[in-house]
Amino acid sequence: MIVWKSRQCGVAAIAGVALLTIVTACTSQTPGQALNAPTSDPGSSDMTGMSPVEDGLSFEDELAGVLPCELLDDDQIIELGFDPSTAEFDDVGVVYMCQYTVSPVETPLLSINVDRDWPMDDLNLTNFNTVEHQVGPLRALLITDDREPNKCQISMELGESAHATVIVSFTESREEACESAERVAGVLEPELPREAR
């Protein structure tokens, strides 16, 4: 089993492709607790890919209220094989993610990232393996890295300037990481806002 070190400051390495920027500091909130902030109901997806934005909120307003640690409830996290009490919210620079592990073991690691100001098509995917993908009605990319054979990423397009990413890493194999990322993305997709098309 791969041992994962320095959980708080491993954020830049774990986020990898999803962040595509240099993070100069690492901080985190108390494990298992999300920050309190005004939130709005992310709604649910539909087969046309139209926005589930409710009550006259714009896509940008709804996206601004999304907290990664509140997108899935505890029961959903447990069903996906992770421990909700291990939730760690990180908000450093462009990092806006929630991480979960399988308690008390620190691996595998699940990261749910929401990037409100970075188009999926602007990700620098040089030296990464990418496959066009679909998660529900959302266009997505399945991303792997030959240098990290136990990690898999699925990025989902939420709008012209926003995307969400699921990363599963430190598994026994890439196949296991991608199977887990697929399950998480499938459960997460209906909870994500998306821009009207």
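These figures come from a predicted structure and were not determined experimentally.

1. Here's the deal with the pairing of strand S6 (residues 148-159)
- The element S6 is extensively covered by neighbouring structure, given that ten of its twelve residues are classed as buried.
- Where strand S5 (residues 138-145) folds back on S6, the antiparallel hairpin that results is connected by two residues.
- Bridge count between S6 and strand S7 (residues 162-169): eight bridges; the pairing is antiparallel. Note that in S7 the partner of lysine 151 across the bridge is serine 169.

2. Remarks on the side chain of aspartate 90
- Position of aspartate 90 among the secondary structure elements: in strand S1 (residues 88-90).
- A polar contact is formed between the side chain of aspartate 90 and the side chain of glutamine 99, at a distance of 3.2 Å.

3. A closer look at unusual backbone geometry
- Following serine 103, the chain continues to proline 104 via a peptide bond in cis, the omega torsion being 0°.
- Of note, proline 104 is situated in the loop between strand S2 (97-101) and strand S3 (109-115).
- Residue threonine 107 is joined to proline 108 through a cis peptide bond whose omega torsion reads 0°.
- With respect to the secondary-structure elements, proline 108 resides in the loop between S2 and S3.
- Unusually for a residue other than glycine, asparagine 127 sits at a positive phi of about 70°.
- Tracing the sequence through the fold places asparagine 127 in the loop between S3 and strand S4 (129-135).

Reading the values: the criteria
Residue positions are counted from 1 within each chain, in the order its sequence is given. Under the rules for a predicted model, residues below a pLDDT of 70 receive no local features and side-chain atom pairs below 80 are neither given nor counted, while totals for whole chains, interfaces and linings still include all residues. Only hydrogens and water are set aside when side-chain values are computed; all heavy atoms of the structure are taken into account. Here the term buried applies to any residue with accessible area under 20% of the maximum for its type, exposed to any over 50%, and partly exposed to those in between, with areas from a 1.4 Å probe on protein chains only. Only DSSP runs of H or I reaching four residues or more are called helices, and only runs of E reaching two or more are called strands; each is numbered from the N terminus. Strand pairing is assigned whenever DSSP detects at least two bridges linking the two strands. Think of a polar contact as two N or O atoms within 3.5 Å of one another; within protein, one of them needs to be a possible hydrogen donor and the other a possible acceptor, and neighboring residues in sequence only count if both atoms come from side chains.

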